[in-house]
Protein chains: 2
Amino acid sequence: MHPLLAAPLRVVNIGLAGFGRDLAANGVPVVHVDWRPPSKFHDLLATLEQRTAQIDEANAEALRRILAADPVLVGVRRAGELIAELDAEPLVLHAGPPLAWERMCGPLRGAVCGAIVFEGWAPDLAAAERLAERGGVRFAPNHHFGAVGPMTGITTRSQPLLVVENRAFGNRVRCTINEGLGKVMRFGGNDAEVLARLAWLRDEFGPLLGRALESKPVPLSPLIARGLAMGDEMHQRNVACTSLLLRALAPSLARAGDPESVARALEFIAGNDQFFLNVGMAMGKSMLDPAQGIAGSTIVTAMSRNGTDFGIRVSALGERWFTAPVEMPQGLYFPGFSAADANPDIGDSAILEAVGLGAFAMAAAPAVAGFVGAGGFQDALGYTRAMAEITVARNPKWTIPALEFEGTPTGIDIRRVVESGIAPAINTGIAHQRAGVGQVGAGIARAPLACFEQALAAFAEHGR
Amino acid sequence: MHPLLAAPLRVVNIGLAGFGRDLAANGVPVVHVDWRPPSKFHDLLATLEQRTAQIDEANAEALRRILAADPVLVGVRRAGELIAELDAEPLVLHAGPPLAWERMCGPLRGAVCGAIVFEGWAPDLAAAERLAERGGVRFAPNHHFGAVGPMTGITTRSQPLLVVENRAFGNRVRCTINEGLGKVMRFGGNDAEVLARLAWLRDEFGPLLGRALESKPVPLSPLIARGLAMGDEMHQRNVACTSLLLRALAPSLARAGDPESVARALEFIAGNDQFFLNVGMAMGKSMLDPAQGIAGSTIVTAMSRNGTDFGIRVSALGERWFTAPVEMPQGLYFPGFSAADANPDIGDSAILEAVGLGAFAMAAAPAVAGFVGAGGFQDALGYTRAMAEITVARNPKWTIPALEFEGTPTGIDIRRVVESGIAPAINTGIAHQRAGVGQVGAGIARAPLACFEQALAAFAEHGR
């Protein structure tokens, strides 16, 4: 074979999917890029061009803060100790932007009722539902209290929370401990098994992990750097980071309790490839929070979903949410389930994509591309390359071997999203739409473009 | 940009390196394949062509046995209990084919003397050297006693040995416990610090690990499969497999001893990314041993080096070694060291390449390509593709994500090596040439073609 023939034909298909499908059917590797013609916001973008230098400077400052972050997993504490409001009244924190009980989806309602029983505010699930319906508990987003939670993201007073401190800025973010796979509260599970596990986390595992972390905190940025070279994207694949975290924690865990409780703790972590997810989420928010509130910056500082609405926050626009209806994830289902069972997109975990991980780092995790139904190795590269189109930089500390050690795409710019029509992709678990069932699959969701369009309009109007 | 322009030019350069260098200088990604014109063994290969069907059938049987292997890490035992000869006389097992004291290189002599002191056969290193010189200890290869060892590969009676059982065939292979990095016996270290660590391995760590493994043996083939999707090639990079092994072992370790000795054991494993290396080596030999002695098979069943000679074994030719002088690794050196300090290629660890890992699986481990000075991601792919030219199959259980989940190249065929002139590549640590110093770098060595040519000649003459 002539040496030059060893360079295979590879195609990036932009726009209509049909052309790409034809090539793919003929064995040509095709990466499909979700592109649309320039948006109706053309005039708005043209207006903002006069402020380009100022915006770019503000975005550079936002990026500087994100890249300067030094997130460290420092401990575990009871939620009520960390967030006083949780001890003061029956308060349930949930994923996503604000949402009233009436508009909550099935799994979120299921998790809320489970948490109400767990906290002793009602004797059973039926009573819990009546309590919630009549306004007997207050609801608020995790994000409003310096916290995040995966999927339903329920946080209540007695749960043990992981604490991540961004030592470059001194801010802290909290997240519950990942419960494992299957029927768990974050996927809407709420039966006796679910609540018993939460009680064990509260009474044995959480305090033990807390003692271990107090004696030896775990710096997270180098751990992510290693994990990206080990096939994780930290959203739907945390095999490496979970293993590296266990490796870092195991010696101090061994000194933190009696052999049997230590062995149970190690088994619990070792038995759940997604254990690291919640750590990574708290890390993501701790890195993005210092970039919030920079005048003139169009960088996204949070993306989050409550199963009904998708919300984003933008640096210059502070704590305001820009929301639109959530979309359905496209993905693969566990045996016995199908898209008909799926709940729409939910969870605070899109904070990982906001910080450049998850679908943005898909090129680091070709195995996850198959798991979420996104194709093979070339497709994984395609996702990361597409997300680089809507971000302002590459993270020099977090590199991807398969892209010759280019960094993860970092700093979503609402201008680029609106201009290109490329919606941020999000690797996600899929919950059953009914309360109490749990996880039924995994896939890729898209952030609704409407969130970015609204934010851009607000930025153009009010943005200083 | 037109979509088709997104397919970049990529070149595989075969033979003379200059053409490739010119392209590379112009920014074109080039993978250089080490190719030479067909060898002088052309006539020999032509003769063997008459037996092609028979040889291919024998090789298929060898491959079947390799792929059917079920290696399990089952325990740790004192070497003298496992290998009776070690308790019967002052016997020192070493890496590579047989070698007399007179021809041993510096680090091998250093390790031998350290082991003699460690076993109490001489009071100090000087006395140990005199004892070795006057024939006061017997030397033999690890491979002759169902064992392997990295670098100098010293095995003596009181060392604790890892035991891997291939449950598909019932055979067992033993290997010492990896001591860590830097000044260690496998790299020729022999001072008080080195011997104290060996004593701790013997007295505390080995027995503890043994108890943990007895309660929960660890199947290795699935662990390798995961490790390949996590950036390991299991020779110069064992970050993932070490972490996954620790994760699998931690709960049973926690139940196997007092908290402080358990914590020390976990710290020791967690502190050494190469802890898994010795486990992988024992696994490799346990998988290849059942393929030895198949009439008509030209598959390599062992590659090994003692720092002076490189030796290979071939299935049809049984336990006979075909040797040639070892080559110098090409690589990168730790600060303060250079090629002038380097010892030639040494160790039983090339058993990993013989089973399709190490340099053969480089495409799985782009980070290691940089560590051993072999370039970037495209270069890593090039090594695996080149090694596929001299092997008979891909391992369907051990796949590489970056090659769209193709398997690792498995079953080196001496015919293909001689015909192509492509020498097996080996990822290796580099020892200082003087006794007592330790590791100074890492690089890539080549198996000498002369070993394969001799084996092919012997096969043509005697090979049934």
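Quantities reported herein were computed from a predicted structural model and do not represent experimental measurements. Residue positions are given per chain, counting from 1 as you read along its sequence in written order. Going through the entries in the order they are written, you letter the chains from A and number the ligands from 1. In view of the model being predicted, local features appear only for residues whose pLDDT reaches at least 70, and side-chain atom pairs are presented and counted only at 80 or more, with totals across whole chains, interfaces and linings using the full set of residues. Hydrogens and waters are ignored; side-chain quantities use all the structure's heavy atoms.

Draft legend 1. Fine view of the relation of the copies chain A and chain B. Alignment of the copies relies on least squares applied to C-alpha atoms, considering only residues that score at least 70 for pLDDT in both. Expressed as a screw transformation, the operator carrying chain A onto chain B has a rotation angle of 180° and an axial translation of 0.0 Å, and the superposed copies differ by an RMSD of 0.0 Å. Each copy turns onto its partner about a two-fold axis. Within chain A, Met230(A) has its C-alpha nearest the rotation axis, a separation of 1.9 Å. Mapped onto chain B, 100% of the interface residues of chain A again fall at the interface, so both copies present the same surface. We call two residues in contact whenever any of their non-hydrogen atoms come within 4.5 Å of each other.

Draft legend 2. Focus on the interface of chain A and chain B. Contact residues are listed per partner, giving 43 residues for chain A and 43 residues for chain B. Throughout, the accessible surface (probe 1.4 Å) given up by two parts as they are put together, summed over both, is called the buried area. Here chain A meets chain B over a buried area of about 3,800 Å², counting both sides, of which 61% is carbon and sulfur. By salt bridge we mean one thing: a side-chain nitrogen of Lys or Arg within 4 Å of a carboxyl oxygen of Asp or Glu. Between the two partners, chain A and chain B, sit eight salt bridges. Ionic pairing is found between Glu267(A) and Arg255(B), a salt bridge with its closest N-O pair at 2.8 Å. Pairs of N or O atoms are called polar contacts if they sit within 3.5 Å, as long as, within protein, a hydrogen donor faces a hydrogen acceptor (for residues adjacent in sequence, only side-chain-to-side-chain pairs). Viewed at the interface, chain B and chain A are joined by 16 residue pairs in polar contact (both at pLDDT 80 or more). Where the side of chain A that touches chain B is concerned, the elements lending two or more residues are strand 1 (11-14), helix 10 (239-254), helix 11 (259-270), helix 14 (366-371) and helix 15 (377-388) of chain A. Of the residues forming the side of chain A that touches chain B, the biggest block, 10 residues, is contributed by helix 10 of chain A. Residues are sorted three ways: Asp, Glu, Lys and Arg are charged, Ala, Val, Leu, Ile, Met, Phe, Trp, Tyr, Cys and Pro are nonpolar, and all the rest, Gly among them, are polar. When the residues that make up the side of chain A that touches chain B are grouped by side-chain class, the tally is 27 nonpolar, six polar and 10 charged. The helix and strand labels rest on DSSP assignments: H or I over at least four residues marks a helix, E over at least two residues marks a strand, and numbering proceeds from the N terminus.

Draft legend 3. Examining helix 15 (residues 377-388) of chain B more closely. Expected helix span is taken as 1.5 Å per residue step, with the number of steps being one fewer than the number of residues. The terminal C-alpha atoms of helix 15 of chain B, which comprises 12 residues, lie 17 Å apart, in line with the 16 Å expected from a rise of 1.5 Å per residue. Exposure classes here rest on a 1.4 Å probe applied to the protein chains alone. A residue is buried below 20% of its type maximum, exposed above 50%, and partly exposed in between. Most of helix 15 of chain B is tucked away, with 10 of its 12 residues classed as buried.

Draft legend 4. Quick look at the confidence of the model for chain A. The quantity called pLDDT is the predictor's confidence in a given residue, expressed from 0 to 100. Taken over all residues, the pLDDT of chain A has a mean of 92, while the share at 70 or more is 91%. Model confidence for the complex: the whole-complex pTM is 0.90, and ipTM, which rates the interface, is 0.88.

Draft legend 5. Spatial organisation of the sheet that holds strand 12 (residues 322-325) of chain B. Residues and elements named next belong to chain B. When DSSP finds two or more bridges between two strands, those strands count as paired. Overall, antiparallel pairing links the four strands, which are arranged 12-11-10-14 in an open sheet. Two strands lie at the open edges of the sheet, namely strand 12 and strand 14 (346-347), each paired on one side alone. As judged from the four bridges shared by strand 11 (residues 309-314) and strand 12, these two strands associate in the antiparallel manner. Paired with glycine 311 across the two strands is threonine 323, which belongs to strand 12. Axes, fitted as lines to C-alpha atoms, cover a helix only where it is in contact. Angles between the N-to-C directions of the axes lie from 0 to 180 degrees. Contacting strand 10 (300-306), strand 11 and strand 12, helix 17 (residues 449-462) crosses the sheet at an angle of about 150° to strand 12.

Draft legend 6. Representation of the packing of aromatic side chains within the structure. The criterion for an aromatic pair is that two Phe, Tyr or Trp rings (for Trp, the six-membered ring) have centres within 6.5 Å, with stacked assigned to planes under 30 degrees apart, edge-to-face to planes over 60 apart and tilted to the rest. Applying the stated criterion to the full structure yields 13 aromatic pairs over all chains. Aromatic pair Trp101(A) and Phe139(A): ring centres 6.3 Å apart, planes at 15°, arrangement stacked. With Trp101(A) in the loop between strand 4 (91-94) and helix 6 (106-118) and Phe139(A) in strand 5 (residues 138-141), this residue pair connects regions lying 38 residues apart in the sequence. For Phe139(A), a relative accessible area of 18% corresponds to the buried category. Between Phe205(B) and Phe268(B), the aromatic rings sit 5.1 Å apart at their centres with planes inclined by 65°, giving edge-to-face as the arrangement. Taken together, the positions of Phe205(B) in helix 8 (residues 192-215) and Phe268(B) in helix 11 (residues 259-270) put the pair 63 residues apart, joining distant regions of the chain. A single burial state applies to Phe205(B) and to Phe268(B), both of which are buried. Joined through ring pairs, the aromatic side chains of Trp200(A), Phe205(A), Phe268(A) and Phe275(A) make up one cluster.

Draft legend 7. Examining the side chain of Gln159(A) more closely. Residue and element names in this part refer to chain A. Among the structural elements, glutamine 159 can be located in the loop between strand 6 (147-148) and strand 7 (160-166). The exposure class of glutamine 159 is buried, given its relative accessible area of 6%. There is a polar contact of 2.7 Å between the side chain of glutamine 159 and the backbone nitrogen of threonine 156. Not counting the four nearest positions on each side in its chain, glutamine 159 is found in contact with Arg77, Arg78, Ala79, Phe118, Glu119, Ile154, Thr176 and Leu198.

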